[in-house]
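# Fold and geometry: a report
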Amino acid sequence: MQEKSIIFENSSPLCASNVPINPVSRLAPTPSGFLHLGNAVNFLVTWAIVRSRKGRLHLRIDDMDGIRFRPDVLEDIFTTLDWLGVDWDTGPAGPDDFYKNFSLQKKKEYYRGRLQALDKRRLKTFVCRCSRASIKKVSQNGLYPGTCRNAGLAFEPGSNAVRLRVNNDACIQVNNQHIDLVNTFGDFVLWRKDDQPSYHLASLVEDEDGCINFIVRGRDLLFSTAAQIYLARCFGFSSFPACRFIHHGLVLADNGQKLSKSRGAYALKDLRESGGSFVGAVKKAARVLGIKHNGLLTAQDLKQAIMINDKDKELKSDG
């Protein structure tokens, strides 16, 4: 397979103040489609920062979307992480360990209990029967218009979903950005129509339970971060609202579009099996980190460059 050049969004260099002294972070791939170069950049940035600061890294494979789960993709996640030179401290050692001990599908009733406690204690949720198609017909910006907010519906699997009621004055600060949650995200789903927890609910609960204090995400998930911070406050969580975030630019396809989890020129599986290199992803990760990428070829090189960069900053501040 012929390698293609990597197109980058503009991405501001990492602000060191966004990284905790002792970072606790996670890698959270989903086993629904093969990982791409953008995922590699994210993993490398997260891993290099955590390892350079002697933090802790957890591998969490988000398999709550059971319909789209693919065993071949699950296996490829472990193969790809090994290829990239990325390790982790806690989480599944391989597919068999994942199935036995770490599948989030085993925690469905736990997530349901957390949601029920939220509703009982704070009355923040409501049941909604609107489909995505019906919302698009009445909403110019695609956001949920509040149709069922006061309908008083009862949850019925297969018929409706549970949404979080977002206050009209909800404004969430993520780093230096103030996000008007009502006009950018709206009332969002916590429990899906297929009787499964939503990504936002399961991911947030896992991050809170794991005491995660540092998360690296693509810029496209900025509004999702704001929504999860809001949800964390509704729960009364203490860890996640204090979490530090980096939202980096995205790796784009030749047509300038966001990469998808599919086979092709940007799929890490195809790149790896054709004898291709992930050096381009290492260099992009260096750009995200604001360090020189000349001579950087591996994840270890990236970690070492961060450590050297940190020492240079310490010497300059002392001098």
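Before going into details, it helps to say that this report is about the structure given with it. (Residues numbered from 1 in each chain as written. Predicted model: local features only at pLDDT ≥ 70, side-chain atom pairs only at ≥ 80, totals over all residues. Heavy atoms only, no water.)

Once that is clear, we can look at the environment of Phe-278. Within the secondary structure, Phe-278 sits in the loop between helix H9 (268-273) and helix H10 (279-289). The spacing of Phe-278 and Leu-84 is 194 residues in sequence and 7.3 Å in space, taken between C-alpha atoms. Not counting the four nearest positions on each side in its chain, Phe-278 is found in contact with Trp-83, Leu-84, Leu-297 and Thr-298. (Helix = DSSP H or I, 4+ residues; strand = E, 2+ residues; numbered from the N terminus. Contact = heavy atoms within 4.5 Å.)

Before going further, it helps to spend a moment on the nonpolar core. One finds Leu-44, Val-45, Ile-49, Ile-291 and Leu-302 to be the most contacted residues of the largest nonpolar core, which totals 43 residues. The set of elements that each furnish at least two residues to this core consists of helix H1 (37-52), strand S3 (56-59), helix H2 (71-84), strand S9 (214-218), H9, H10 and helix H11 (299-318). Per element, the largest residue contribution to this core is 10 residues, and it comes from H1. Membership of the second largest hydrophobic core comes to 38 residues, among which are Leu-104, Val-166, Tyr-230 and Ala-232. (Core = buried A, V, L, I, M, F, W, Y, C linked by side-chain atoms within 4.5 Å. Buried < 20%, exposed > 50% of the residue type's maximum accessible area, 1.4 Å probe, protein only.)

Next up on the list: the sheet that holds strand S8 (residues 189-191). Within a sheet, each strand pairs with its neighbour through backbone hydrogen bonds, oriented either parallel or antiparallel. In spatial order, the strands read S4-S5-S8; together these 3 strands make up an open sheet with antiparallel pairing. Every other strand in the sheet has two partners, leaving strand S4 (125-128) and S8 as the edge strands with one partner each. In this sheet, adjacent strand axes meet at a mean angle of 45° when their direction is disregarded. Sheet analysis places S4 next to strand S5 (residues 161-164), joined by 4 bridges and oriented antiparallel. Across the sheet, the residue bridging to Val-127 is Val-162, located in S5. (Pairing = 2+ DSSP bridges. Axes fitted to C-alpha atoms, helices over the stretch in contact; angles between N-to-C directions.)

So, about the packing of H2 against helix H3 (residues 95-102). The N-to-C vectors of H2 and H3 enclose an angle of 110°; their axes lie 9 Å apart at closest approach. The pairing of H2 with H3 is recorded here as roughly perpendicular in orientation. Here Pro-71, Leu-74, Glu-75 and Phe-78 of H2 lie close against H3, whose contacting residues are Pro-95, Phe-98 and Tyr-99. (Parallel < 35°, antiparallel > 145°, perpendicular 65-115°, else oblique.)

Moving on to helix H7 (residues 199-209). Summarising burial for H7: 9 of the 11 residues are buried, a large majority. Looking at H7, one finds that the buried residues are His-200, Leu-201, Ala-202, Ser-203, Leu-204, Val-205, Glu-206, Asp-207 and Glu-208.

Our focus in this paragraph is the packing of aromatic side chains. In this description, a pair of aromatic rings is defined by centroid distance and the angle of the planes. Per the stated rule, a full pass over the model turns up 9 aromatic pairs. Ring geometry for Trp-83 against Phe-278: centres 5.0 Å apart, planes inclined by 85°, an arrangement best described as edge-to-face. Linking Trp-83 in helix H2 with Phe-278 in the loop between H9 and H10, this pair joins segments that are 195 residues apart in sequence. The buried category is assigned to Phe-278, whose relative accessible area is 12%. Centre to centre, the rings of Tyr-110 and Tyr-111 are 5.9 Å apart; their planes meet at 50°, and the pair counts as tilted. When its relative accessible area of 34% is taken as the criterion, Tyr-110 is described as partly exposed. Since its relative accessible area comes to 0%, Tyr-111 is described here as buried. Ring pairing ties together the aromatic residues Phe-69, Phe-98 and Tyr-99, which thus form one cluster. Just above the ring of Tyr-144 sits the side chain of Arg-163; from NZ or CZ to the centre is 4.0 Å. (Phe/Tyr/Trp six-rings, centres within 6.5 Å; stacked < 30°, edge-to-face > 60°. Lys NZ or Arg CZ within 6 Å of the ring centre and 35° of its normal.)

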